[in-house]
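An overview of the molecular structure
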Amino acid sequence: MAPGAARLALPALLALIGVLPPGLGDAQISVHPPEATIPRGGTVQVNCSTSCDQTPKLGLETQLTKKEVAHGSHWKVFELSDVQEDSHPICFVNCRSQLMAPMSLTVYWFPERVELLPLPRWQPVGENLTLRCQVAGGAPRRNLTVVLLRGEEELSRQPAVGEPAEVTVTVLASRDDHLANFSCRTELDLRPGGLGLFQNSSAPRQLQTFVLPETRPRLATPAVVEVDTQWTVNCTLDGLFPAAEAEVILTLAEKKLDSTSLYGKDSVLATANVKANSQKEGIQQLACVVTLGDRDQKREENVVFYSFPAPNLTLSEPEVSEGTLVTVECEAQAGATVSLEGVSSESPAHRAEFRLNASAADHRRSFFCSAALIVAGHLLHKNQIRELRVLYGPRLDERDCPGNWTWEEGSQQTLRCQAWGNPVPQLKCQRKGDDALLPIGDLRPVKREVAGTYLCEARSPRGVTRREVVLNVTYHQNNMAIIIVVVATVLLGTVSGAAYLYNRQRKIQKYKLQKAQEAAAMKLNTPATPP
């Protein structure tokens, strides 16, 4: 009972004692209240009363700080103050013999500390997680309960035992627990003593769960890399949770590479662009480490760095006159073999050559050389191309400038005439007699005025060549008027003949009808022959 409640009941109790007649029955002693629950350091009033028929000597036996605050002939009220712990004061009276009446005084106080012990920074999904809550202080312990919570969900409810009390519960961590808040709460239930339910909660702690698969990352890299070249490394791992928290580190020869990471729903892809250093030929180790939570997965690959320059392809002269002897030579580094277009590859070596007599057909000819080198079991190729330029005089042949053209006037045609040579010659075609230029290109339409014989001349610093081109245009006289007259005559004759036949047929039919009518009339006019 609260101190206020004890004070309110005191006047009624005193009035009741005042009307009790002394000397009725055996002497008795009583204490009020028989039980009381007060906060630590609080104050409570205790009434000791007796029914002794003599002048009683009443008292209260206790180690607590007390003072008498009221009294009567058969009762006394004592005030107990600064109560720090549970106690059992005893009311006593000497009446022929000593009588005693104990009371129960319970002290309550709230826990001084309610703490959920730190959680793991990362908790693997599918593994047991033990939650620990420590409670320091709090009384009475028989009324104190510790509750462990996930959010508002109750995981465990246990009594507080020991000092400090420690309550644990083990749960199986899941993906749903990621970023969930865990806490613990104490409940001091004083409702049986007429008080309330008092709760104290710890600060919440957030849990991070993760999944890192047992499989190693996939490392995509060339097995062999040429020095002084840039190449790309990719490292991927699937089945992560939460994927965005994964960290990927790529290293080459234990030196960290600059990389960027792209995250999917449950995967990560790290990419690094690497440039091989020319001073680091040989085998180097490339590694990818994916870290999530407090665990990691690692993949290592060996990369062979090599040097393999392109073959040296040379022409004795890149530009020669027609008929000049040209030497084509290709050479690669030691250990490599070359194949040169135009040279038999029966006995491959690191050098090959051949010679040719340059002709007009060889102008702008490309020569191809391929070098092959085996590095760590991989066959590599490097190629080189050179172009030969041949100087030759002008060419005008039948294929590119036909010598005879015959077209019909009004048709759509294209006249071709092209000269070849290196350097490129200038072409001029003039008609004999009036020096009119040959209309090279589209003729739409062809006109009779372009007909004639043309002399085409191709000239360059390396010579002159000439060719005649004959252009014939066929056409017909304009007989349109004659055609119209003939057609009209034929049509008129046809119409006249049809009219004649039609009138003649009518006359014949009319004549036959007339004869038939005359014959009928004669039969009607002839007298009948008597019998």
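Since the model is a prediction, treat every value here as computed from it, not as a measurement.

1. Quick notes on the pattern of salt bridges
What the rule picks out here adds up to 30 salt bridges. Arg295 serves as the salt-bridge partner of Glu127, at 2.8 Å between the closest nitrogen and oxygen. With Glu127 in the loop between strand 11 (123-124) and strand 12 (128-136) and Arg295 in strand 28 (residues 295-306), this pair connects stretches of sequence that are 168 residues apart. According to the relative accessible area criterion, Arg295 is partly exposed, its value standing at 36%. A salt bridge links Lys382 to Glu226; the shortest N-O distance between them is 2.7 Å. Of the two residues, Lys382 is situated in strand 35 (residues 378-395) and Glu226 in strand 21 (residues 224-226); the sequence distance between them amounts to 156 residues. The buried category is assigned to Glu226, whose relative accessible area is 18%.

2. A word on the state of the cysteines
Following the criterion strictly, the structure yields seven disulfides and no others. Residue Cys429 pairs covalently with Cys456 via a disulfide, S to S 2.0 Å. The sign of the S-S torsion, about 120 degrees, decides the handedness of the disulfide formed by Cys429 and Cys456: right-handed. Note that Cys429 is positioned in strand 39 (residues 426-431) and Cys456 in strand 41 (residues 452-460), a separation of 27 residues in sequence. Residue classification places Cys456 among the buried positions, given a relative accessible area of 0%.

3. Some points on the side chain of Ser370
Note on placement: Ser370 falls in strand 34 (residues 365-375). We classify Ser370 as buried; its relative accessible area is 9%. At 2.9 Å, the side chain of Ser370 and the side chain of Asn383 are in polar contact. With residues up to four places along the chain from it excluded, the contact list for Ser370 reads Thr337, Val338, Ser339, His381, Lys382 and Asn383.

4. Digging into the environment of Leu148
Within the secondary structure, Leu148 sits in strand 13 (residues 144-150). In sequence terms Leu148 and Leu131 are 17 residues apart; their C-alpha atoms lie 7.9 Å from each other. Ignoring any residue separated from it by four or fewer positions in sequence, one finds Leu148 in contact with Leu116, Leu131, Cys133, Glu153, Glu154, Leu155, Ser156, Val167, Thr168, Val169, Ser183 and Cys184.

5. A short note on the packing of aromatic side chains
When we look at a pair of aromatic rings, we describe it by the centre distance and by the angle of the planes. This model, assessed by the stated rule, comprises seven aromatic pairs. Ring geometry for Tyr108 and Phe198: centres 6.2 Å apart, planes at 10 degrees, overall stacked. Residue Tyr108 is found in strand 9 (residues 104-108), and its partner Phe198 is found in strand 17 (residues 197-201); the two are separated by 90 residues along the sequence. Owing to a relative accessible area of 13%, Tyr108 belongs among the buried residues under this scheme. Owing to a relative accessible area of 28%, Phe198 belongs among the partly exposed residues under this scheme.

6. Some words on the sheet that holds strand 28
Taking strand neighbours across the sheet as the criterion, the five strands line up as 21-28-27-23-24 in an open arrangement whose pairing is mixed. Either end of the sheet is taken by a strand with one partner, and the two such strands are strand 21 and strand 24 (255-256). Relative to strand 28, strand 27 (residues 282-292) runs antiparallel, the two being bridged by eleven bridges. Each bridged residue has a counterpart across the sheet, and for Gln284 the counterpart in strand 28 is Val303.

Rules used throughout
Residues numbered from 1 in each chain as written. Predicted model: local features only at pLDDT ≥ 70, side-chain atom pairs only at ≥ 80, totals over all residues. Heavy atoms only, no water. Salt bridge = Lys/Arg side-chain N within 4 Å of Asp/Glu carboxyl O. Helix = DSSP H or I, 4+ residues; strand = E, 2+ residues; numbered from the N terminus. Buried < 20%, exposed > 50% of the residue type's maximum accessible area, 1.4 Å probe, protein only. Disulfide = S-S within 2.5 Å. Polar contact = N/O pair within 3.5 Å; in protein donor to acceptor, adjacent residues only side chain to side chain. Contact = heavy atoms within 4.5 Å. Phe/Tyr/Trp six-rings, centres within 6.5 Å; stacked < 30°, edge-to-face > 60°. Pairing = 2+ DSSP bridges.

Read these as spatial facts, not as claims about activity.
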